Every structure is written in C-alpha cells, then in structure tokens.
Amino acid sequence: MESVALAIRGYLLSRRRSLLVGAALFMGVMTLLTGAGAGLDRFLRDLRDSVRAHPASGEVHIVEIDGRSLAELDRWPWPRSIHAAAVDSLHQAGVRSIAFDVDFSARSEPAEDAAMAAALARAGRSVILPTLRQPAGAGSLEEIETVPIKPLADNAFLAAVNVRPDRDGYIRSMPFGIETQGTPRPSLASMVAEKAAEIGRHFQVDYSIDPASIPRHSMVDLVRGRVPKEKLAGKRVIIGATAVELGDRYPVPRHGVIYGVVIQALGAETLMQGPVPQQRSGLWPLLLALLAAILVAQPGNRKVRIGAFATLGLGVIAWPLVGEALWATSFPIAPALAALSAAIAIGGGLIVTERLQQRAMTDPGTGLPNLAALCAAADGRPGGNVIVGRIDRFEAIASGLGPTATANLLLRVSDRLRFANRQATIYRADDATLAWLEGGGDEEDLGERIEAITALMRSPVDCGRLIDVALTFGLSSGDKSAQQLVAQATFSASQAAQAGVRWQRFTEADSAATNRELSLLGELDRAMASGQLWNAYQPKLDLATGRIVGAEALVRWQHPLFGPITPDQFIPIIEEHKRVGDLTVFVLEHAIEDALGWAESGYPIGVAVNVSASLLADHAFIERIACILQTSRLPTEQVTIEVTESAAMHSPDRAIAALESWRSLGVNISIDDYGTGQSSLGYLQMLPATELKIDKSFVQSIGTDRRNAIMVRSTVALAHELGMRVVAEGIEDAACLELLLEMGCDTAQGYHIARPMPAEALTEHLSQGSRLAA
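Residues numbered from 1 in each chain as written. Predicted model: local features only at pLDDT ≥ 70, side-chain atom pairs only at ≥ 80, totals over all residues. Heavy atoms only, no water.

Turning next to the overall build of the protein chain. A tally of regular secondary structure across the protein chain gives 31 helices and 33 strands. For 774 residues, the compact-globule estimate of 2.2 N^0.38 gives 28 Å, and the C-alpha radius of gyration of the protein chain, at 52 Å, exceeds that figure by more than 25%. Buried positions account for 48% of the 774 residues belonging to the protein chain. By sequence separation, contacts in the protein chain at least 24 residues apart represent 72% of the contacts at least 6 residues apart. Per element, the accessible surface of the protein chain, about 36,700 Å² overall, is 55% carbon and sulfur. Averaging the locations of the 71 positively and 86 negatively charged side chains of the protein chain gives two centres separated by 11 Å. (Helix = DSSP H or I, 4+ residues; strand = E, 2+ residues; numbered from the N terminus. Rg over C-alpha atoms; globule rule 2.2 N^0.38 Å. Buried < 20%, exposed > 50% of the residue type's maximum accessible area, 1.4 Å probe, protein only. Contact = heavy atoms within 4.5 Å. Areas by Shrake-Rupley, 256 points an atom, 1.4 Å probe, with all protein chains shown as cover. Lys, Arg positive; Asp, Glu negative; His and termini not counted. Charge placed at Lys NZ, Arg CZ, Asp CG, Glu CD.)

The subject of this paragraph is the packing of helix α2 (residues 16-34) against helix α14 (residues 334-360). The contact between α2 and α14 brings their axes to 7 Å, and the two run at 155°. Compared by their axis directions, α2 and α14 come out roughly antiparallel. Like other packed secondary-structure pairs, α2 and α14 cross with a definite hand, here right-handed. Contact with α2, carried on its side by R16, L19, L20, A23, A24, M27, G28, T31 and L32, involves A334, P335, A338, A339, A342, A343, I346, G347, L350 and E354 of α14 and no other residues of that element. Its residues assigned to classes, the contact of α2 with α14 comprises 14 nonpolar, 3 polar and 2 charged. (Axes fitted to C-alpha atoms, helices over the stretch in contact; angles between N-to-C directions. Parallel < 35°, antiparallel > 145°, perpendicular 65-115°, else oblique. Left-handed = near helix turned anticlockwise from the far one by under 90°. Nonpolar A, V, L, I, M, F, W, Y, C, P; charged D, E, K, R; others polar.)

A few words now on the environment of A553. With respect to the secondary-structure elements, A553 resides in strand β26 (residues 547-559). Since its relative accessible area comes to 5%, A553 is described here as buried. Each C-alpha atom of the pair A553 and S108 lies 131 Å from the other, and the pair is 445 residues apart in sequence. A553 has contacts with N535, A536, Y537, V587, A591, A608, V609 and N610, leaving out every residue within four places of it along the chain.

All right, on to the sheet that holds strand β19 (residues 427-430) then. Spatial strand order, β19-β20-β18-β23-β24: 5 strands in an open sheet with mixed pairing. Whereas interior strands pair on both sides, the edge strands pair on one side only; in this sheet they are β19 and β24 (503-505). Along the sheet, successive strands turn relative to each other by an average axial angle of 25°, direction set aside. Most of the contacts of helix α15 (residues 371-379) go to β19, to which it runs at about 115°, and overall it touches β18 (385-391), β19 and β20 (433-438). Most of the contacts of helix α17 (residues 403-420) go to β20, to which it runs at about 25°, and overall it touches β18, β19, β20 and β23 (471-477). (Pairing = 2+ DSSP bridges.)

Each neighbour pair has its own omega, and for W76 with P77 the value is 0°, a cis peptide bond. Inspection of the secondary structure assignment puts P77 in the loop between α4 (67-73) and α5 (80-93). Even without a glycine there, the phi angle at R422 is positive, about 60°. Structurally, R422 can be placed in the loop between α17 and β19. When its relative accessible area of 54% is taken as the criterion, R422 is described as exposed. Notably, D673 is not glycine yet its phi reads approximately 55°, a positive angle.

This paragraph deals with α17. Relative to the 26 Å expected for 18 residues at 1.5 Å per residue, α17 spans 26 Å between its end C-alpha atoms, a close match to the ideal helical length. Of all the positions in α17, only A405, T406, A407, L409, L410, V413, S414, R416, L417 and A420 are classed as buried. Positive phi shows up at R422, right after α17, with a value of about 60°. (Expected span 1.5 Å × (residues − 1).)

What follows is about the layout of surface pockets. Summary: where empty space remains is shown by rolling a probe the size of a single water molecule over the atoms. Considered as a void within the structure, the largest pocket measures approximately 1,200 Å³ in volume. Residue lining of the largest pocket: 46 residues in total, with D101, V102, D103, L132 and V161 positioned closest to the centre. Among the elements of the structure, α5, β4 (128-135), β5 (143-146), β7 (173-175), β8 (177-180) and α11 (260-272) are those that each provide at least two residues to the lining of the largest pocket. With 6 residues, the top contributor of residues to the lining of the largest pocket is β4. When grouped by side-chain class, the residues that make up the lining of the largest pocket number 21 nonpolar, 13 polar and 12 charged. For the second largest pocket, the lining is made up of 35 residues, of which E552, L554, P567, N610 and D672 are closest to its centre. Looking at the lining of the second largest pocket, the elements with two or more residues in it are β26, α22 (567-576), α23 (580-600), β28 (606-610), β29 (639-644) and β30 (668-674). When residues of the lining of the second largest pocket are assigned to their parent elements, the largest contribution, 5 residues, is made by β26. In the lining of the second largest pocket, the residues fall into 15 nonpolar, 9 polar and 11 charged. (1 Å grid on protein atoms, 1.4 Å probe; cavity = no way out; pocket = protein on both sides within 12 Å on 5 of 7 lines; lining within 4 Å. Points joined across faces, edges and corners; volume = space filled by probe spheres on them.)

Attention now moves to the side chain of T640. Looking at the secondary structure, you find T640 in strand β29. The class of T640 is buried, set by a relative accessible area of 10%. Setting aside residues no more than four positions away along its own chain, T640 makes contact with V607, A608, V609, V667, N668, S670 and E691.

With that out of the way, let us pick up the environment of V413. Of note, V413 is situated in helix α17. Put simply, V413 and L287 are 126 residues apart on the chain and 52 Å apart in space, counted from C-alpha to C-alpha. Discounting residues that sit within four places of it in the chain, V413 has contacts with L434, M457, V461, V469 and L471.

Further remarks concern a nonpolar patch on the surface. Taken together, the side chains of F26, M27 and M30 present a nonpolar region at the surface, about 290 Å² in accessible area. Under the relative-accessibility criterion, M27 is labelled partly exposed at 37%. (Patch = residues over 30% accessible without salt bridge, like charges linked within 9 Å, V, L, I, M, F, W, Y side chains within 5 Å. Salt bridge = Lys/Arg side-chain N within 4 Å of Asp/Glu carboxyl O.)

Going residue by residue along strand β31 (residues 691-694), you find E691 and K693 tucked away on one face and L692 and I694 tucked away on the opposite face as well. Relative to β31, β30 is paired through 3 bridges, and the arrangement is parallel. Directly across from S670, in β31, lies its bridge partner E691. By the bridge criterion, 4 bridges tie β31 to strand β32 (residues 725-729) in an arrangement that is parallel. Across the sheet, residue K693 finds its bridge partner in β32, namely V727.

This part is about the pattern of salt bridges. This structure, assessed with the given rule, holds 39 salt bridges. Ionic pairing is found between R52 and E324, a salt bridge with its closest N-O pair at 3.8 Å. Here E324 lies in helix α13 (residues 302-327) and R52 lies in the loop between α3 (38-51) and β1 (54-55), a separation of 272 residues in the sequence. For the pair R52 and E324, a shared accessibility class is recorded, and that class is buried. In this structure, a network of salt bridges that share partners links the residues R45, R48, D49, R52, D206 and E324.

Attention shifts here to empty space enclosed by the protein. Here the structure, examined in full by the defined rule, presents 1 cavity of 30 Å³ or more. Among the residues making up the lining of the largest cavity, the classes are represented as 3 nonpolar, 5 polar and 4 charged.

It is worth spelling out the packing of aromatic side chains at this point. Scanning the model with the defined rule gives 9 aromatic pairs in all. Relative to W78, the ring of W76 lies with its centre 5.2 Å away and its plane at 75°, an arrangement referred to as edge-to-face. Relative accessible area serves as the criterion here: at 41%, W76 is assigned to the partly exposed category. Classification of W78 as buried rests on a relative accessible area of 5%. Seen in terms of ring centroids, Y537 and W598 are 4.9 Å apart; in terms of plane orientation they differ by 85°. Their pairing is edge-to-face. Note that Y537 is positioned in strand β25 (residues 533-542) and W598 in helix α23, a separation of 61 residues in sequence. Across this residue pair, the class does not change: Y537 and W598 are buried. Over the ring of Y751 we find R755; its NZ or CZ atom is 4.0 Å from the centre of that ring. (Phe/Tyr/Trp six-rings, centres within 6.5 Å; stacked < 30°, edge-to-face > 60°. Lys NZ or Arg CZ within 6 Å of the ring centre and 35° of its normal.)

Below, the structure written as structure tokens:
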C-alpha cells in the first residue's frame, strides 16, 4: 500500500501545475457561466458599500407625506389643491425641480383637478409626474399601465417610477427609463438627476449613500409655510409617502426596509455623484485570478510565489472597491474568488502531499534520501547501475555508538562517498547500506573509485568519537526495478564480504542462485509435509561393547526438480530467514518417531538432534522442544541435543539457561565440534553437558599428528574427570578406531562404522546384529 501511495503522490506532484491551474480555471469559468456566485457578490457589494459609506450630497430633498401630515390635514386622499399648494410653495422657493412619487391616474373632483393643473401650469409645466407599468395581478403575465389624468399630464413631464426587486425581494437596481402607452419615458431618478435615459437599461443604486442624510421636510410644514425658502432654493425635490399606513416600502441592502420615495432619491443621488454606474463582466477579475494561479504554480522560491499570489489575490478583492469608488464601475468577483479558492485548496493539498512524499522518501534517522527516493530517481534513468556500500560490522558499531552518533557516522560516510562519486546523491537503502545511481558507462573506473573510497575510509570517521569504518561494495545493472537492483547489489556486497574482496558485480549466476534459494525457502513447508525432507541417521558405536547405541539425525532434502540438496546448501538459507526452528522441530519429531520404531523392533537406541546457535536465545522454541519431549513416549534419556561449542559460546548465559531447562527433563546434552571453539575449562565446567564430541579435524589425523593425538587423549581424560562421555566423529579407518579405543574414548561415529542411512535401513542394519571388534 505504501508503494501505491508513493506512486499516487508522485503522479500528483509531477502534474502540480496543470492540476492547480486547471482546477482554478474550471471553478472560475463554471461560477461565471452559471451565476452560482451571485449571492456572494451581493454580500461583498454590501461590505464594500459599508466601507465606502458616505452622506448624500444634499442636493436632493424629500417632502414627506408622513404620519404628522396625515394627522394635521385630517383626510386621505387629500384634495389635489393641497398638492397644488405644495407645487406653488416650491416654485416660489425657487427649487430646481419638483417630482411627485404620488399616483395621479384617477380623477377627483373637477375643481381639485383644475387647481392642480393650474399649479402645474404656473410652475412652467416643469413638474415631474409618475407613470407606472406593473403586472395586472399576482402571477399574471399581463401588465397594466398607469399615467396621470390628461389635464395633469398635459402640464407636466411624465417619468417612470418602476422598481423591480431581485429574486430575493431586495431592490438593488433601477431602470434608466421604460415605455408606457407606447412612449419611452425616463425614470424619475434620471429626470431628477438630469441624466440622459437609455430605455431598457438599468443601473445599480449606490447604497453606500446614507439614506438618513437626505434632507426631509414634512408636507404639512411645506404647505403651511413653515419651511424656510432658502433651504429649498436650487434644490431638487421629490414628494412621496413615508407614512406607515400608506405602505410604500421595500427591502434594500444594508438599510432594511425603506420608503419608495427614499429609493427614488437614492437613485437620483447615485446618478448625480459621478459617472453612470456600470456593471462589467466578471471575466477580468477572473483573468487576474488565473494569472495568480499560474504564478504560484511555477517552480522557484515558494515564499516569492506565495507572495505574488497573495498580492494578486488582494488585487482581485480590491478591484471592485477601487472601481466603484473612482469610476462607479462594479465587477463581480465571485468567479475570481472561486478560482483563487480552488488554487488555494489544490495548492494546500499539494503542499501536504509534498511533505508526506518528502517524509516517505527521507530516512528519519539521518535525513538522507531513502530507498523509496532512490526508486523514484531511478524511474527516469532506465538502464543505469545501482551501487551499494555496506558498512562492515554495522550492528556492532551501532550498538556501541547509540542512535545519534550512528546517524552522524552515516552522514560523514555519505559525505565521503559523495566526494568520491562526483557529488552523486547518496541514499540510505537500509540500516547498514548506502547507495547511489550511475549511468550505464560509469562503471569503467568503478574499481579505481572504490580504491579511492577505501583510501578515504582509512582515516577514522569523526562522529563524536573516532571510528574505523570499512565498506564492501556491490554493483547491479539492468532493466529491473530499482528496488530489485538494490537488493541484488546488496547481495553482491554481502558475497564480496564473505569472499574477502572489496567489491563484486551481481551476475546471472547470482540471480539463478538467488532464485533457487527463494524457491527452496518458499517450498520448505510443502517439502516437510510431502516427505521431500527426511532424516538420515548415522550410527554411533559403543567402543566398549562393540554395539550400536545411538544415531545422529541428519536432515536431507530430495527435491523433485533439483535432486538431492545437501544441508550446507539449504540450512544457511533457512537460518537466515528464521525458519530453522520449524525445521529443527520437524527433525526432532521424526527422530523420536523413528526411535520408537526401533525400540518396538527390539533396538532401544538413542537419537541425537542438532540445534542451531540462534535458537538458544529463542524462548518460544525452547518451550516448544520441552513440550515435545514431555509429551513423547520415548524416554528422555534416549534423546541427545547437540549444540556446537561456538554456539554455546555465542551467548553463554542464554545457552546455559536453555541447556539446563532441557537437561532438567533428563535429556542428554552434547557439545559438538569440540576443539574448534574457544571455550575455557571454567566455562566448560558450567555447561550442563553429558557428552563431548571431538571434531573430526582432530580425530582423523591422530595416527599421524602427535599434537592432535595428545589433544584427543587429554580431552578424553578431561571429559571423564568432569563426568562426561566422549564421542569421536569422522572415523574413516580401523587404525583410527583402534587408537581411540586405546585412549579410552567411549563412542565413535564415522564412515568406517556406517554412512548416514534412512530409518528403515538402520533397522535392517541393527537386525544383522553386527559387532565390530574393538
């Protein structure tokens, strides 16, 4: 799974530019085309209006038909003579223009209508009266038009007072003009602001203007002369209803519900304060946002790229604010913000992905690139070489130094390797292995460079203390995966160390041997179950009686493809891969079973089984053997466990504990290959051994080598003094057997007595009752 995650992260990072810019482009264009960001743009417009909030110009005044006017004038609808009085008062005050947001489409009393018409005429027929086009009813597609009655319309300008809410019910825009009764009419706001009207076109009302700052006068104060004329002189006046009971109210952004006449005044103020407000396409801020995404996706210094992105992002946000303040031009920026948000999301995800990739491709102990990083680098270099340098005795060095100093040691060694290899990147392939990549022709001078590295490594490495470090090198090449090349080069380095040479190349022969080893390891369980693995037994002769008293179990493998496989070909592989415990249990169980068979045939001889050094520290294995011995029908005194002298010396305390646990069950303990190790007499005395087995390298030459004869004779005497029996192995002739009998040796084993044989053959051998004269 980790390799899949590495590959996915690598793929995403290799396409970071297209992913980031593509996501920004997709989100921006989709938002622009679908209008999905309209709500956000409205919200941002309200925020900008809050930032730009300012009072009205004071040029537009409102004369309110308010609650106080309704109360004092004490009737509604008012006689049109009251409106006529208002027109006369305003005209006498010298106002610049008079506009009514009051419906005059119905006739009233003729005298009142005449009075109003006369007042309009006295004002020079310059008063603005409202026209309106509206739906005939709720949900109706039919529209009706209302215009002032003819006597009034003939003495005034007609202007449209239409306002149409957006889908959310808010009034945000007004028309420059509409058509009523087949005649184009400018809007009331356009006429008050004295702006040219384009029929069918709308403008955004500027709600940054504070409606409370528009000067207001009560209608009753105006008609009764309580409003000073100098306050009105030269002003543009709109007359309309603000009494709650008249109901002319609409919701607008920022200011809640306000009166229709106030919206008309805000519309006029909007047109008067500067250029005509315009709504431009959101494409331009989107292009700026895409430029920001492209810049942040470029390679280079991350802080510079992020700074450029942030600057352009702030530019996108500030663009409509500056445009509205200076040129009354608004730009929807939701598409641009969608693009920026997509770029931020993808960019942030890529940063996290990059960090995860770096962590996955970095050795945590040293900070060096690891095996995964080597594999990623090798993907783009087909046909190259992988070279590894394996630190000799690394485990011992690491256990003495501790993790911090060990990491420092590896870094110092990698520095030397980098210097010797033209500043190549050095990877930590595993705990003890450093590796690097080379081109296909770079190995020509590899031998010279390895000699140079060896020379560099002659001086101790300073990692807080001076440490002598030696490396063995392996080389592998081909079209295989980098991971396999590293494994092959590491194998070659191990083989070089075993051969005592400085470096070695992985060959096809190594590949065949490795494949065979892997095949054998994978077939171990099947071999044990199918009978391919079996026990051969080499008899042991009691020299005093001339009878066979035991046999050593020696495992054999009859492979259906490879034929007979000797133990030295498969046991090291099984030990290396921690399967020797299973094999030992298999050998012991079959040895016990065969010994019971011999006993049933009338030959109750003992059986010996070898135990590997690595198993003496395996508590689970020790208990497993004890359980087999305790549950077996074979008397434990007929079982001998053989361990080599060097195995017992490898970890003395654990070896003694394991051997004592088995000895306590009555099992015999034999020290095998005695004389090849370095055990002292004091240590030998501590072992719970019942038998010493002298190695054949000493036994076979006792007739010709006086020193070996002395060693064997003294060992026999020493063992007897310690209460142990002595077994001599490797007997290949009668003369050797005769000398051993003379020296007092107890038991002999070797080809002269009998070769290893199957259990059935040993039964036949025992049945012959053969005795050898000692």
